Amino acid sequence: MAQHDPRRAIPRTDDLMRLPEVLKATQRLSVATVKARIRAAQDRARAGEITPDAVAGELIGSLEDHGASSLTPVLNATGIVVHTNLGRAPLSPAAQQAVTDATGYVDVEMDLDSGRRSKRGVGARQALLDACPAAEDALVVNNGAGALVLATTTFSFQREVVISRGEFVEIGAGFRLSDLMTSTGALLREVGTTNRTHLSDYTQAIGENTGCIFKVHPSNFRVSGFTSGVEISELSTVAQTAGVPLIVDVGSGLLHHDPEVPDEPDLRSALEAGADLVIASGDKLLGGPQAGLLLGRTEIIQKLAKHPLARAVRCDKLALAALEATLTGPEPPVPQYLHADPDRLRVRADRLAHLAAQAGHRDIGVVPHDGRVGGGGAPGVPLPGWAVALPETVAHTLRKGSPAVVGRVHDGACLVDLRCIPEHDDDRLATAVIAALDGLT
Ligand SMILES: *Cc1c(COP(=O)(O)O)cnc(C)c1O
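Since we're looking at a predicted model, the values are computed, not measured.

Draft legend 1. Just the overall build of the chain, in detail. Regarding its fold elements, the chain presents 18 helices and 18 strands. Residues classed as buried in the chain amount to 45% of the 441 residues present. Of the contacts formed within the chain by residues at least 6 apart in sequence, a portion of 73% connects residues at least 24 apart. Surface exposure of the chain reaches about 22,000 Å², of which carbon and sulfur atoms provide 51%.

Draft legend 2. Structural detail: the pairing of strand 12 (residues 277-281). Most of strand 12 sits inside the fold, with 5 of its 5 residues counted as buried. The alternating pattern of strand 12 places L277, I279 and S281 on one face and V278 and A280 on the opposite face, and all of these are buried. Pairing geometry for strand 11 (residues 246-251) and strand 12, over 4 bridges, is parallel. Along strand 12, the bridge assignment pairs V248 with V278. Running through helix 11 (residues 267-272), the crossover from strand 11 to the neighbouring parallel element strand 12 is right-handed. In this structure, strand 12 lies alongside strand 13 (residues 292-296), joined through 5 bridges in antiparallel fashion. Bridge pairing in strand 13 places V278 opposite L295.

Draft legend 3. Representation of the layout of surface pockets. In this structure, the largest pocket spans a volume of roughly 1,500 Å³. As for the largest pocket, its lining consists of 50 residues, and the residues nearest its centre are P73, V74, L75, N76 and P90. For the lining of the largest pocket, the secondary-structure elements that each account for two or more residues are strand 1 (74-76), strand 2 (80-82), helix 5 (93-102), helix 15 (333-338), helix 16 (342-358), helix 17 (394-400) and strand 16 (404-406). Of the residues that constitute the lining of the largest pocket, the class distribution is 22 nonpolar, 16 polar and 12 charged. When residues of the lining of the largest pocket are assigned to domains, at least three fall in each of domain 2 (74-84 + 336-438) and domain 3 (92-330). The calculated volume of the second largest pocket comes to roughly 800 Å³.

Draft legend 4. Region of the structure containing the sheet that holds strand 14 (residues 365-374). Within the open sheet, the 5 strands sit side by side as 2-14-15-18-17. Their pairing is mixed. What marks the edges here is a single partner per strand, and that holds for strand 2 and strand 17 (408-410). Each neighbouring strand pair of the sheet contributes to a mean axis angle of 40°, computed without reference to strand direction. Across the face of the sheet, helix 16 comes into contact with strand 14, strand 15 (383-391) and strand 18 (413-417) while running at roughly 10° to strand 15.

Draft legend 5. View of the pattern of salt bridges. This structure, assessed with the given rule, holds 21 salt bridges. R12 serves as the salt-bridge partner of D14, at 3.6 Å between the closest nitrogen and oxygen. Since its relative accessible area comes to 45%, D14 is described here as partly exposed. Of the charged contacts in the structure, one is a salt bridge between R46 and D43, with a shortest N-O distance of 2.7 Å. Within this pair, R46 and its partner D43 are both found in helix 3 (residues 31-46), separated by 3 residues, close to a single helical turn.

Draft legend 6. Quick look at the sheet that holds strand 5 (residues 137-141). Taken together, the 7 strands give an open sheet; going across it, the order is 5-13-12-11-10-6-9, and neighbouring strands pair in mixed fashion. Edge positions in the open sheet fall to strand 5 and strand 9 (187-191), since each of these has one partner strand only. Ignoring which end each strand starts from, the neighbouring axes of this sheet average 25° apart. In this structure, strand 5 lies alongside strand 13, joined through 5 bridges in antiparallel fashion. Considered in strand 13, the bridge of V141 is made with G292.

Draft legend 7. Inspection of unusual backbone geometry at higher detail. Of note, the amide linkage connecting S402 to P403 takes the cis form, showing an omega dihedral of 0°. Non-glycine residue Q158 carries a positive phi angle of around 55°. One non-glycine residue, D411, lies in the positive phi region at around 55°. One can find D411 in the loop between strand 17 and strand 18. Exposure remark for D411: the relative accessible area of 75% places this residue in the exposed category.

Draft legend 8. Geometry of the side chain of K215. Topologically, K215 is positioned in strand 10 (residues 210-216). The residues touching K215, leaving out its near neighbours within four places in the chain, are E167, V230, I232, L235, I247, V248 and D249.

Draft legend 9. Summary view of empty space enclosed by the protein. Scanning all chains against the criterion turns up 1 cavity of 30 Å³ or more. Roughly 30 Å³ of internal volume is contained in the largest cavity. Lining the largest cavity, in full, are R348, R351, L352, L355, L418, D426, L429 and A430. Going through the elements one at a time, helix 16 and helix 18 (426-440) are the ones with two or more residues in the lining of the largest cavity. Considering every element that reaches the lining of the largest cavity, the biggest residue donor is helix 16, with 4 residues. Here the residues of the lining of the largest cavity are counted per class, giving 5 nonpolar, no polar and 3 charged.

Draft legend 10. Representation of the nonpolar core. Of all hydrophobic cores here, the largest spans 38 residues; its most connected members are V140 and L295. One finds A151, V161, C212 and I301 within the second-largest nonpolar core, a separate group that totals 27 residues.

About the thresholds
- Residues numbered from 1 in each chain as written.
- Predicted model: local features only at pLDDT ≥ 70, side-chain atom pairs only at ≥ 80, totals over all residues.
- Heavy atoms only, no water.
- Helix = DSSP H or I, 4+ residues; strand = E, 2+ residues; numbered from the N terminus.
- Buried < 20%, exposed > 50% of the residue type's maximum accessible area, 1.4 Å probe, protein only.
- Contact = heavy atoms within 4.5 Å.
- Areas by Shrake-Rupley, 256 points an atom, 1.4 Å probe, with all protein chains shown as cover.
- Pairing = 2+ DSSP bridges.
- Right-handed = clockwise from strand over helix to strand, strands pointing away.
- 1 Å grid on protein atoms, 1.4 Å probe; cavity = no way out; pocket = protein on both sides within 12 Å on 5 of 7 lines; lining within 4 Å.
- Points joined across faces, edges and corners; volume = space filled by probe spheres on them.
- Nonpolar A, V, L, I, M, F, W, Y, C, P; charged D, E, K, R; others polar.
- Domains from an automatic or database assignment.
- Axes fitted to C-alpha atoms, helices over the stretch in contact; angles between N-to-C directions.
- Salt bridge = Lys/Arg side-chain N within 4 Å of Asp/Glu carboxyl O.
- Core = buried A, V, L, I, M, F, W, Y, C linked by side-chain atoms within 4.5 Å.

And the structure:
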């Protein structure tokens, strides 16, 4: 019986390692990685999912599919500018170059003049202060959530964070800002109701155990109707009287007001209105790398920087390099895509449809399509534009193609919106679209 067991025919690891394709892959991948792929293919045969004969082919396929990193670059044809599932903000060419330059040894904590140790992140700090002169000082940490935890624990460890009930935000994948705050020992003191919070709610809640007043921009939802909240300027007076800092989490990281997203708060306005500290994400509307930005009064930033937790949420050299270049270099893709000219988007969409028609796919239309800010920012704000409407069935082929193209599957169609495609990639996009349509017939 055992002699007929087909699993005995599964090729051995040593034999598979000697295949020319596998030997070639070991130039790109570590031996451990190649062996893990071999085991995966053998395991599939052991489980009866493939025949022993198919193991070598399966293995070679899995080695060809991937580079050393399994992250696949994609063309974002969804029209969603800050697409969380696609890595939020694409870096500007200047930021990409800065990241490449910082991959080796860099003077991130050394003054090359004196040869002595220097402060980490001085370049990014200065770039932030230049971009936002309303701030006296700035600190960069790993991400927005890290900035929030650092701020609340620094000012409200075992003390109360006074915060409106209408600002209890869940930011995605089940993460609640309130849980983040309490996780490091801050106590929440909720004031007001879901739809309305008044100045008196704050003043009544403030007492001996108040550590800070916290205002969160509810980035990803809107409460409309019978609502009211308290302005930063009013809260600032309350905070000053109580002798506690007013911390404002603006979320998206806009440096100053942008009429394209009129309700999105910005760092400068929040500081000018009287916030002592503002918090934002580096990879939302600022269009930079993942980072948490803290800007505000000097003594507040100093206190944050000295807290032991600051070390645990430290920003890495690649992000520091990218952030500085995002701020000092030419306009990054995110604001460009946010302000893309609808007429230009129409011309590009028409051209794509025309190229498809030339390739024999004559029934491809161009339809009005609203893009979105995404990343939890500016919910409901449409960004008018156009999309090429393809049959829904090509969506999968496009995603698995080379380059991978992610369109928006909606109402039985796969919509290809060019807003977030760099124009120099239009021809690659057209080639991918035509190949996917060819595959249908
Ligand atoms: C996105 C967001 C955060 C979290 O920032 P990350 O950079 O994603 O960690 C915190 N607060 C608000 C209001 C946000 O929108």
